[in-house]
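Each chain, letter by letter, is given below.
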Amino acid sequence: MNEFQKLFYKTRNWLGPNLIFVMVMIAFPLSLNIYSAELETSFESILVIALLMIAFISSEGIFNEDFLDGSFEMFISEGRSLFQLVMEKFCAYYFMVSLPISLAALAFALANGVIKDNYLLTASGVFFVNTIFTSIFAFGSAISLNKGAILGIISVLPFSMPAVIVFGRFLDNLSVSNISFSFLELLAGLSIMSFLIFAWLSSKIIKLHLE
Amino acid sequence: MITARNLSYSINKNTLFTGLNFECKSCTVFQILGSNGSGKTTLLKILSGITQPTKGEVEIIGYPKKIFLGHKIPIKDYLTNLQNFSFLNPCASVKDYCSYCEAVNLGVSKSMYSSNLSFGQKKKLLLSKIFQQSFDILFLDEPFVGLDKKTINLVKDRIIQLKQNGALVFITSHQETIDGDVVIDLDTRLIDQ
Amino acid sequence: MRNLLLPLVSVKEYIALNQKIYPFVMLFGIFLISIGWITGLFFAPVDAIQGHSYRIIYIHVPMAIFSQLIYWFMAIWSFSFLVWKIKIGPLMTISAAYIGCMVTFIALFSGSIWGIPTWGTWWQWDARITSTFILFIMYVALLTVNGSFQNTYKADQITAWITLIGVINIPIIKKSVDWWSTLHQPASISLASESSIDLSMLIPLVISILGLGLFLFALGLKVSRLLLLKYEET
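Conventions we followed
Residues numbered from 1 in each chain as written. Chains lettered and ligands numbered in written order. Predicted model: local features only at pLDDT ≥ 70, side-chain atom pairs only at ≥ 80, totals over all residues. Helix = DSSP H or I, 4+ residues; strand = E, 2+ residues; numbered from the N terminus. Rg over C-alpha atoms; globule rule 2.2 N^0.38 Å. Buried ≥ 20, exposed ≤ 12 C-beta atoms within 10 Å, placed from the backbone. Contact = placed C-beta atoms within 7 Å. Pairing = 2+ DSSP bridges. Nonpolar A, V, L, I, M, F, W, Y, C, P; charged D, E, K, R; others polar. Expected span 1.5 Å × (residues − 1). Arc of directions from axis to C-beta. Axes fitted to C-alpha atoms, helices over the stretch in contact; angles between N-to-C directions. Left-handed = near helix turned anticlockwise from the far one by under 90°. Core = buried A, V, L, I, M, F, W, Y, C linked by C-beta atoms within 7 Å. Parallel < 35°, antiparallel > 145°, perpendicular 65-115°, else oblique. pLDDT = per-residue confidence, 0-100.

## Points about the overall build of chain A
Across its full length, chain A carries 10 helices and 0 strands. Against the compact-globule benchmark of 17 Å for 211 residues, chain A has a radius of gyration of 18 Å, which places it among compact chains. Expressed as lengths along the three principal axes of its C-alpha atoms, the size of chain A is roughly 60 × 35 × 30 Å. Considering chain A as a whole, with its 211 residues, one finds that 45% of them fall into the buried category.

## Things to note about the overall build of chain B
Scanning chain B from N- to C-terminus turns up 5 helices and 9 strands. In chain B, the succession of helices and strands from N to C terminus is β-β-β-α-β-β-α-α-α-β-α-β-β-β. Computed over the C-alpha atoms, the radius of gyration of chain B is 17 Å, within 12% of the 16 Å expected from 2.2 N^0.38 for a compact globule of 193 residues. Its C-alpha atoms give chain B principal-axis dimensions of roughly 50 × 35 × 30 Å. Relative to its full complement of 193 residues, chain B shows a buried share of 35%. Long-range contacts, defined here as pairs at least 24 residues apart, represent 73% of the contacts in chain B between residues at least 6 apart.

## Regarding the environment of Leu186 of chain B
All names here are of chain B. Its place among the elements puts Leu186 in the loop between strand E8 (182–185) and strand E9 (190–192). Taking C-alpha positions, Leu186 is 7.1 Å from Phe17, a pair spaced 169 residues apart along the chain. Beyond its immediate sequence surroundings of up to four residues, Leu186 is in contact with Phe17, Ile32, Leu33, Gly34, Ser38, Gly39, Lys40 and Leu43.

## What to know about the pairing of strand E2 (residues 14–24) of chain B
The side chains of a regular strand alternate between the sheet's two faces. Residue and element names in this part refer to chain B. With 7 bridges joining them, strand E1 (residues 2–11) and E2 adopt antiparallel strand pairing. Following the sheet pairing, Ser10 is matched in E2 by Thr15. The loop that links E1 with its antiparallel partner E2 comprises 2 residues; one of these, Asn12, has a positive phi angle of about 50°.

## Examining the environment of Ser102 of chain A
All names here are of chain A. Looking at the element boundaries, Ser102 is found in helix H6 (residues 82–111). For the pair Ser102 and Asn130, spaced 28 residues apart in sequence, the C-alpha separation works out to 8.0 Å. Ignoring anything within four residues of it in the chain, the contact list for Ser102 reads Ala123, Val126, Phe127 and Asn130.

## Focus on the interface of chain B and chain A
Between chain B and chain A, the contact holds 20 residues from the first and 15 residues from the second. Counting only elements with at least two residues in the side of chain B that touches chain A, the list comes to strand E5 (66–69) and helix H2 (81–88) of chain B. The dominant element in the side of chain B that touches chain A, judged by the number of residues it contributes, is E5 of chain B, at 4 residues. For the side of chain B that touches chain A, the class distribution of residues is 10 nonpolar, 7 polar and 3 charged.

## Here's the deal with helix H5 (residues 149–164) of chain B
Residues and elements named next belong to chain B. A rise of 1.5 Å per residue sets the reference length of H5, with its 16 residues, at 22 Å; its end C-alpha atoms lie 23 Å apart and thus fit the reference within 8%. Every buried residue of H5 is listed here: Val155, Ile159 and Leu162. Down the axis of H5, the buried set is contained in an arc of 65°. They therefore lie on one face. H5 presents Lys149, Lys150, Asp157 and Gln164 as exposed residues on the side facing more than 90 degrees away from its buried surface. Against the buried residues of H5 lie strand E3 (28–33), helix H4 (119–132), strand E6 (137–141) and strand E7 (168–172). Just past H5, the residue Gly166 takes up positive phi, approximately 110°.

## Topic: the packing of H2 of chain B against H4 of chain B
Residues and elements named next belong to chain B. Their axes nearest at 9 Å, the elements H2 and H4 cross at an angle of 35°. Considering how the two elements wind past one another, H2 and H4 form a crossing that is right-handed. Of the residues in H4, those in contact with Asn81, Asn84, Phe85 and Leu88 of H2 are Leu125, Leu126, Ser128 and Lys129.

## Structural notes on the nonpolar core
Core analysis: the largest hydrophobic core is formed by 158 residues, its most contacted members being Val129, Phe133 and Ile136 of chain A together with Leu138, Val169 and Phe170 of chain B. Among residues more than four places away in sequence, those in contact with Phe133 of chain A are Leu51, Leu52, Ala55, Ser160 and Ala163 of chain A.

## Concerning the sheet that holds E1 of chain B
Residues and elements named next belong to chain B. One open sheet holds the 3 strands; their spatial order is E2-E1-E4, and the pairing between them is antiparallel. The open sheet terminates on both sides in strands that have one partner only, identified here as E2 and strand E4 (55–60). Averaged over all neighbouring strand pairs, the angle between strand axes comes to 20°, with direction disregarded. Where E1 lies against E4, 5 bridges are found, and the strand directions are antiparallel.

## Describing the packing of helix H10 (residues 181–210) of chain A against helix H6 (residues 152–166) of chain C
Where H10 of chain A meets H6 of chain C, the axes come as close as 10 Å, and the angle between the chain directions of the two elements is 170°. The orientation of H10 of chain A relative to H6 of chain C falls into the category roughly antiparallel. Note on element contacts: H6 of chain C touches H10 of chain A through Lys154, Gln157, Ile158 and Trp161 of chain C, opposite Leu201, Lys204, Ile205 and Leu208 of chain A. When its residues are assigned to classes, the contact of H10 of chain A with H6 of chain C shows 5 nonpolar, 1 polar and 2 charged.

## Some words on the confidence of the model for chain B
On average, residues of chain B carry a pLDDT of 86, and 96% of them reach 70 or more. At the level of individual helices and strands, chain B shows its lowest average pLDDT in E9 of chain B, which scores 69, and its highest in E6 of chain B, which scores 92.

## What about the confidence of the model for chain A?
On average, residues of chain A score 85 in pLDDT, and 94% of them are at 70 or above. No element of chain A has a lower mean pLDDT than helix H9 (residues 160–175) of chain A, at 78, and none a higher one than H6 of chain A, at 91.

## Some remarks on the environment of Leu135 of chain C
All names here are of chain C. By the element assignment, Leu135 lies in helix H5 (residues 127–147). With 27 C-beta atoms packed within 10 Å, Leu135 lands in the buried category. Sequence spacing of Leu135 and Pro23 is 112 residues, and the spatial spacing of their C-alpha atoms is 30 Å. Those residues in contact with Leu135, other than ones at most four positions away along the chain, are Ser67, Tyr71, Thr104, Asn169 and Ile173.

## Quick word on unusual backbone geometry
All names here are of chain B. The backbone of Glu142 shows a phi angle near 50°, a positive value even though the residue is not glycine. By the element assignment, Glu142 lies in the loop between E6 and H5. On the neighbour-count criterion, Glu142 (18 C-beta atoms within 10 Å) is partly exposed.

Next comes the structure, spelled out in structure tokens:
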């Protein structure tokens, strides 16, 4: 029983964010009565909000349960690496939340007429950005273990600023069909760095909470 | 196997214990006694490596297989009983689950969600870890809480069996005393053999 | 050398040093600020375009400079605490966080006041203002995180880690006016190149900056003593 299987059986933690994302992306053109000319700009704004929201929702309870029921203590006492466990958890969330959302975002981008080509680059870009946000908010969740989610948000919202800036550039290039592979490499690099750094930091913070 | 030198622990200005020195070898049961808040659980956590002491050090020779089972029960409500059993004992089979349930009188279905279990039943499921696997060092914090008399005896027998197989066992318990070879009393700071 | 390093490892030595230097630093800081502000507010010439409204530069610019410098100060102390276990590290970090929060708020507030006559708006979501606002949130976050843990050891460790990660935002704030086309003007004074403002306006500004630096340092010494008293109580 590894982290992927555990997350798979804990349906609300991965299905919820996916459904909320789909709901938001369907609801906004219906509710705001947006004309097709404005759809492109609105789509970008809504996508940023939706991705941030989903990253926060999906990462909120990533560590809480294992911390409260003593799984972390049992794990550490067995001499296993908390860093490895956290990385596994992150990967599980990337696979179960970030990947479906990136495909859904691609579908909505096509449906709203925002992109006409560059399908793989679009989906990959959204995937990497969502992984960066998830890593950051998961770190916030580690800080605020047992303290409430608001503390986590306040602590890590400033760190998401560089990620939001890069995402903004990505969206600008997306709308003019100008996504280059090198830009995607930048996103991929940031995603890997944030994955490793925030996973390591989260494991350190969790260990501190247990002491 | 474990040597504790000058162990002290305090949070802010509250000192739980100070200046503890002892050496632990295999085939021994260490019983830790003390009143509420004396630091029994904290001492176990320090020895198992979960918590760092404020002063002093714990030296563990080699890479023994350790396990800490504390007050909390890491049984997931969204998993079935069999899935939780597999999570706790990765190498165990369905047959092992059935024979264990029979032994401890845990008459619950494999496919039933563990959210329906009582506290005692969850505790029995958790304790399958010490029955299905063998460890070099065990840290058991109040292992008998919530168990019926028959299961308590089974757990005691298993602890003695593990000790005879070379394990080192640290145990705290308000209720049942097990014949500890060494008793550490945190109230009086006495280490009695 | 040993005498220089002793206050880093001994709280008693730090308190003794603190009590010794505090009066001089505070008095000298107030003296320099007074010189800088009086000269700047009353004697510096009127700006050709902005008129008298530019005079807020003598409050806004020093505050903005120190809002970033104080974060670097915190990062260095956090690093030294995590790596070398310097005892007074967390104390200096949190004292500086209080000061930094106040200074950043004043920078944002004075900037808003300056924005009305210059840009016709109190606020604009441009790169420099937004990133400075984020910096303010970071200070608030650090203080919130530090205050929410009963265990001071845990609180100090987590605060130190968050401080170090947050350093990434400081270069972004500094370079925001160069990387993006913003409402906010680029830096008028620089260590590496010639200043774009006249000497008669520059000299009071430099004196204000130095004076504010000393004043904030003295304030930090006072805050750290108060925090030590608070730690003693709990």
